[in-house]
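# Descriptive analysis of the structure
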Amino acid sequence: METYKLSSIPLCEPNLNGREKQYMAEAIDSNWLSGGSFLRRFEQQLADYSDAAHVIGVSNGTSALHVALTLAGVEKGDLVLVPDLTFVATANAVKYLGASPVMVDIDASTWLMDLDLLLDFLENQTYQNSGGCFHRDSHRRIKAVVPVHLLGNICEMERLNAIAGRFALAVVEDAACSLGSFRNGRHSGTSGLLGTVSFNSNKIITTAGGGAILTNDDALAKRARHLITQAKSHPTEYIHDELGYNFRLVNPLAAMGCAQMEQLPGFVLKKKEIAAHYRQEFGDYEVMFQQLTPGTDSNHWHSAMLVNESRSLIAALAAENIETRPLWTPIHELPVFQQDLYISRENIAADVSRRGIMLPCSTSISDEQLQRVCQTIGRFLSVSIKI
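Attention in this report is confined to the structure presented alongside it. (Residues numbered from 1 in each chain as written. Predicted model: local features only at pLDDT ≥ 70, side-chain atom pairs only at ≥ 80, totals over all residues. Heavy atoms only, no water.)

### Digging into the sheet that holds strand β15 (residues 325-326)
To keep it simple, the criterion reads: In this analysis, strands are considered paired if DSSP registers two or more bridges between them. Secondary structure elements follow DSSP: runs of H or I no shorter than four residues count as helices, runs of E no shorter than two count as strands, and numbering proceeds from the N terminus.
Here four strands make up an open sheet; going across it, the order is β12-β14-β17-β15 and the pairing antiparallel. Each edge of the sheet is formed by a strand with only one pairing partner; in this case those strands are β12 (288-289) and β15. Sheet topology places β15 next to strand β17 (residues 356-359); two bridges connect them, and they run antiparallel. The partner of Pro326 across the bridge, within β17, is Ile357.

Have a look at this one:
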């Protein structure tokens, strides 16, 4: 007898139900591939939405970070402060420049960089002179700090900018997760010197690959465009005046982005509804959800919660053909970063990572699918004592 198999529920799949095919076909028919009208249109849509003065489309979120750190003046041998709980791209981009990340533990409630811990480190383990801020033990310059707006939650940028200003640090916001998130009316990625966004296939909008750099600085925006086009300094001759990169976002993928931007408000609304549903369903159980920083209106890009025996829950859901994922492994635990500095009191990142589970949150998820997820989790949690 054939065994009935439940249909799969993906973790976070792209939603391409708008004008993506139409616009991409138009881009191909125009024969403008490396650049063109859709790229300019997509950048303008992002600028209008985020209120950033400049948006520069690039090949992916990691290249956006790479260029943004370059623009912020990070050089070989420097140190860059990053949160310990984030996708590895944040720290990788630092390494690409020959610099080293300093991992800062996270706040137990918001899961964002612990600003009290950051300030304590800067006050007690650094010194300043005319060259900037330096680590007291290694005498290496600390050039920048990279807050990550994890899962759509936004760091307390007012306080972070004040700390950064006091210690002469450039602020580069990793807003890969937070397109559609606002804090006190200001869009993520627009409070620092530069911000970066990702359009990977699992992000709230996608261009398959792709990313963007956001800035309000005219000179930095001009240099960003120069760097991502191989630093070519002559309109016809092959003259390149510095080390550049082939990091442009191509026109057909930008066309997909234009169609996605038309749907972004609806996507944000759906993500918020999914997050609210999970919180309502499991609010009486011994689980923990991310606490938003005051003033943050999150896009709730990913719905995640902390639960004991998270790996067992992941396996139980997989048995029902429901895809989930653990939260990221802390950066300081990854082999390539184990020789780098980790600042912590209680290793909160490790605990959040161990207990974290990312739940299905596609904008195309149906009510029936969402209820199936909740019922499966409910059965698992029913053995726990209710709060």
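Having seen the model, we can carry on.
### As for the pattern of salt bridges
Threshold: By salt bridge we mean one thing: a side-chain nitrogen of Lys or Arg within 4 Å of a carboxyl oxygen of Asp or Glu. Burial status follows relative accessibility: with a 1.4 Å probe on protein chains alone, a residue under 20% of its type maximum counts as buried, one over 50% as exposed, and anything between as partly exposed.
Following the criterion strictly, the structure yields 14 salt bridges and no others. With a shortest N-O distance of 2.6 Å, Asp78 and Arg141 are connected by a salt bridge. With Asp78 in the loop between α3 (61-71) and β2 (79-83) and Arg141 in strand β6 (residues 141-145), the pair connects residues that are 63 residues apart, well separated along the chain. Judged by relative accessible area, Asp78 falls into the buried class, the value being 5%.

### Focus on the environment of Asp367
By the element assignment, Asp367 lies in helix α11 (residues 367-381). When the C-alpha positions of Asp367 and Asp107 are compared, they lie 33 Å apart, and in sequence the two are 260 residues distant.

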